[in-house]
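# Chains, contacts and geometry: an overview
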Amino acid sequence: MKVRVRYAPSPTGYQHIGGVRTALFNYLFARVNNGTFILRIEDTDRTRYREDALEDIYETFQWLGFHWDEGPDVGGDYGPYFQSRRIEIYREYADKLINTGQAYYCYCPQERLARIRRMQTANKMAPGYDRNCRNITEGERKEYEDKGIKPVIRFKVPLKGSTVFHDKLLGDIETPNEDINPDPVLLKSDGYPTYHLANVIDDHLMLITHILRAQEWIPSGPLHVLIYRAFGWEPPEYCHLPMVMGKDGQKLSKRHGATSVREFKKNGYLPEALINYISLLGWSYDDAREIFGLDELEKIFSLERLNKAPAVFDYKKLEWFNGIYIRKRSKEDIKKMIMPFLIEDGIVRDPLTEEEEKLIDGAVPLIQERLRLLSDAPKLVRFLFGEIDRYNIEEIIPKRLNREKTLNVIHEVRKILVDFGEYSDEENEMRFRGLADKLGVKLGDILMPLRVAVTGTRVSPPLFGLIKLIGLKKVLKRVDSVISLLENQSSE
RNA sequence: GUCUCCUUCGUCUAGUGGUUAGGACACCGGGUUUUCAUCCCGGCAGCAGGGGUUCAACUCCCCUAGGAGAUGCCA
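For the structure given in this document, a descriptive report is provided here. Everything numeric here is computed off the predicted structure, so don't read it as measured data.

### A look at helix α1 (residues 17-32)
- Over its 16 residues, α1 runs 22 Å from end to end, which matches the ideal 22 Å to within 8%, given 1.5 Å per residue.
- Counting buried residues in α1 gives 13 out of 16 residues, a clear majority hidden from the surface.
- Backbone geometry just downstream of α1 places Asn 34 in the positive-phi region, at approximately 55°.

So, in structure tokens, the structure goes:
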């Protein structure tokens, strides 16, 4: 049987890293098995539905670079892939359950449900529906209908016995039926199905063979199996994936930092870094390798190597992966990718000027291996554009020197800077070493004042490359302003 | 409260009865380097606890503890 798996997000918010991990594992499982990966939009909660959340689903996976074989945008033989367009189907199947006595109408108002829940929690009882309408008479039913009350349809969970379902990761999970959610709603009063009904029907109708979803779904596993049985269907295979947690061990949420893929994108992460890192949350290949591209993962992923325990999301490690992948990219890619960050920072104009373009082209090779996030770029190149507004005297003077000595060093540096452009970086380095020897100081002690003069900071990309990029004229001006700064200081 | 799942360095993990318990991130130290970064070398640090089973348990079983999830006309 051909493997068919699905990712079934609900468009109520932006794509969460945990959901995307589930999507990735489903996708990889499909690829490894030459199967089909399906996207199904579970938009049955019309109160929480958001148009931008739906767009975010498309944008997120577009950006990540993997796609479904069947789905709302690409079509397929088992649509529609929006649950909101399948409500007649759910109604029809819910009716079947009513007719076979495996489901019933419930007319309990929300207030009553809230009341019994309050009562239950107050008495430390398990909260849940009290099955009040499970045995109402046809007369009572008529009465409610005449009053115009819109009923919900509830599933008749067996009162006795137990239900067992098999999980490929966890093994058999057996639950006494009395511990299962007492008669959950299948069809809401607005005619839309709940998750429990819709997912079972759709997975069956769409010929889904394996359900890979997060472990938070384990408790509803037995219920779903019961529903499959009620229809006379065979449930698919289950595999509940370990959850993704925050540093404090709780379910990963905004409290912990970025959680949606679009935030990671905005913060300067690369899609391949995210994919690689995410693939290792609850899964591993062996004891040595952990750098994997999507294409590779599509060949080596396997359920057998899943971990049972939840994984804590480590932003630091993701950053490390990001640095790795930034270094792997071409200069052109990096240029393209840092541009939005430079523009947003107001460092360059939106259509670049020729001058700006030249500076960026020259800067990329200098900063690429220094980036961990694309968003690090602005602070690394800011001094290339515009002026340096202020220097810090203490930063100019090296530890081993005092003000006078530094001033002297800079004067000497200025002399050999004049024909800087005529030499290669290697040659210039020899010249500066020569100067250092002559002055009896360390190379670093003459380059640091120069670095601060040119860049305004002690930490920068390689100095010689920067000097050529900025141009001698500007560099000398900056050196001069540092000289006068030091001189003014001495006259006080 | 009840039910279910989980438990190897701080974090991600390898490990399927006999290993000096391996790797990675982070952290610390050192080297290379004009600073930073990269790169290289080294260090720190772990089998939750208690019982069994066994000649031998991180590995198998039980209990305890801890953590998490579920308990909706949300998914």
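### Digging into unusual backbone geometry
- With phi around 55°, Asn 34 is a residue other than glycine that occupies positive phi space.
- By secondary structure assignment, the location of Asn 34 is in the loop between α1 and β2 (36-39).
- Under the relative-accessibility criterion, Asn 34 is labelled exposed at 63%.

### Describing the protein's contact with RNA strand B
- Within the structure, RNA strand B sits among 68 residues, and Gln 250, Glu 290, Glu 369, Arg 370 and Glu 429 are positioned closest to it.
- Per the 4 Å cut-off to the protein, sugar and phosphate atoms form 73% of the nearby atoms of RNA strand B.
- When contributions to the surface near RNA strand B are tallied by element, the ones reaching two or more residues are α4 (110-122), β4 (152-155), β11 (311-312), α11 (315-328), α17 (425-439) and α18 (443-455).
- A class-by-class count of the residues in the surface near RNA strand B yields 30 nonpolar, 13 polar and 25 charged.

### A few points about the packing of aromatic side chains
- Within the structure shown, the criterion is met by 26 aromatic pairs.
- Ring geometry for Tyr 58 and Trp 68: centres 6.4 Å apart, planes at 45°, overall tilted. Of this pair, Tyr 58 sits in helix α2 (residues 51-64) while Trp 68 is found in the loop between α2 and α3 (87-99), placing the two residues 10 residues apart along the sequence.
- Here the basic side chain of Arg 50 rests over the ring of Tyr 14, its NZ or CZ set 5.1 Å away from the ring centre.
- Over the ring of Tyr 14 we find Arg 262, and its NZ or CZ is 3.9 Å from the ring centre.

### Remarks on helix α6 (residues 195-205)
- A large share of α6 lies buried, amounting to 8 of its 11 residues.
- Listing the buried residues of α6 in full gives His 196, Leu 197, Ala 198, Asn 199, Val 200, Ile 201, Asp 202 and Asp 203.
- Against the buried residues of α6 lie β1 (4-7), α3, β7 (185-187), β8 (210-214) and α7 (221-231).
- Phi for Leu 207, located one or two positions after α6, is positive at around 60°.

### Notes on the layout of surface pockets
- A volume near 1,100 Å³ is recorded for the largest pocket.
- If you trace the largest pocket, you find 42 residues lining it, with Pro 9, Ser 10, His 16, Gly 19 and Glu 216 closest to the centre.
- Looking at the lining of the largest pocket, the elements that each hand over two or more residues are β1, α1, β8 and α8 (261-266).
- No other element matches α1, which puts 5 residues into the lining of the largest pocket.
- Roughly 420 Å³ of internal volume is contained in the second largest pocket.
- Lining the second largest pocket are 19 residues; nearest its centre among them are Gln 110, Leu 113, Val 152, Arg 154 and Val 185.
- Broken down by secondary-structure element, the contributors of at least two residues to the lining of the second largest pocket are α4 and β4.

### Considering the nonpolar core
- Counting 113 residues, the largest nonpolar core has Phe 66, Leu 417, Phe 432, Ile 446 and Leu 450 as its most contacted members.
- If you tally residues by element for this core, the top one is α1, at 9 residues.
- With sequence-adjacent residues up to four places away left out, Leu 417 is seen in contact with Phe 432, Leu 450, Ile 467, Leu 472, Val 475, Leu 476 and Val 479.
- Ile 153, Phe 165, Val 225 and Phe 231 belong to the second-largest nonpolar core, a separate cluster that totals 36 residues.

### Brief notes about the pattern of salt bridges
- Under the defined criterion, the tally for this structure stands at 40 salt bridges.
- Put simply, Asp 248 and Arg 255 hold a salt bridge, and the shortest N to O gap is 2.9 Å.
- Judged by its relative accessible area of 58%, Arg 255 is exposed.

### Overview of the pairing of β4
- Residues Val 152 and Arg 154 line one face of β4 and the alternating positions Ile 153 and Phe 155 line the opposite face, and both faces are buried.
- Judged from the 4 bridges that link them, strand β3 (residues 103-106) and β4 form a sheet pairing that is antiparallel. Of the residues in β4, the one forming a bridge with Cys 106 is Val 152.

Quick notes on the rules
- Residues numbered from 1 in each chain as written.
- Chains lettered and ligands numbered in written order.
- Predicted model: local features only at pLDDT ≥ 70, side-chain atom pairs only at ≥ 80, totals over all residues.
- Heavy atoms only, no water.
- Helix = DSSP H or I, 4+ residues; strand = E, 2+ residues; numbered from the N terminus.
- Expected span 1.5 Å × (residues − 1).
- Buried < 20%, exposed > 50% of the residue type's maximum accessible area, 1.4 Å probe, protein only.
- Near = heavy atom within 4 Å.
- Nonpolar A, V, L, I, M, F, W, Y, C, P; charged D, E, K, R; others polar.
- Phe/Tyr/Trp six-rings, centres within 6.5 Å; stacked < 30°, edge-to-face > 60°.
- Lys NZ or Arg CZ within 6 Å of the ring centre and 35° of its normal.
- Contact = heavy atoms within 4.5 Å.
- 1 Å grid on protein atoms, 1.4 Å probe; cavity = no way out; pocket = protein on both sides within 12 Å on 5 of 7 lines; lining within 4 Å.
- Points joined across faces, edges and corners; volume = space filled by probe spheres on them.
- Core = buried A, V, L, I, M, F, W, Y, C linked by side-chain atoms within 4.5 Å.
- Salt bridge = Lys/Arg side-chain N within 4 Å of Asp/Glu carboxyl O.
- Pairing = 2+ DSSP bridges.

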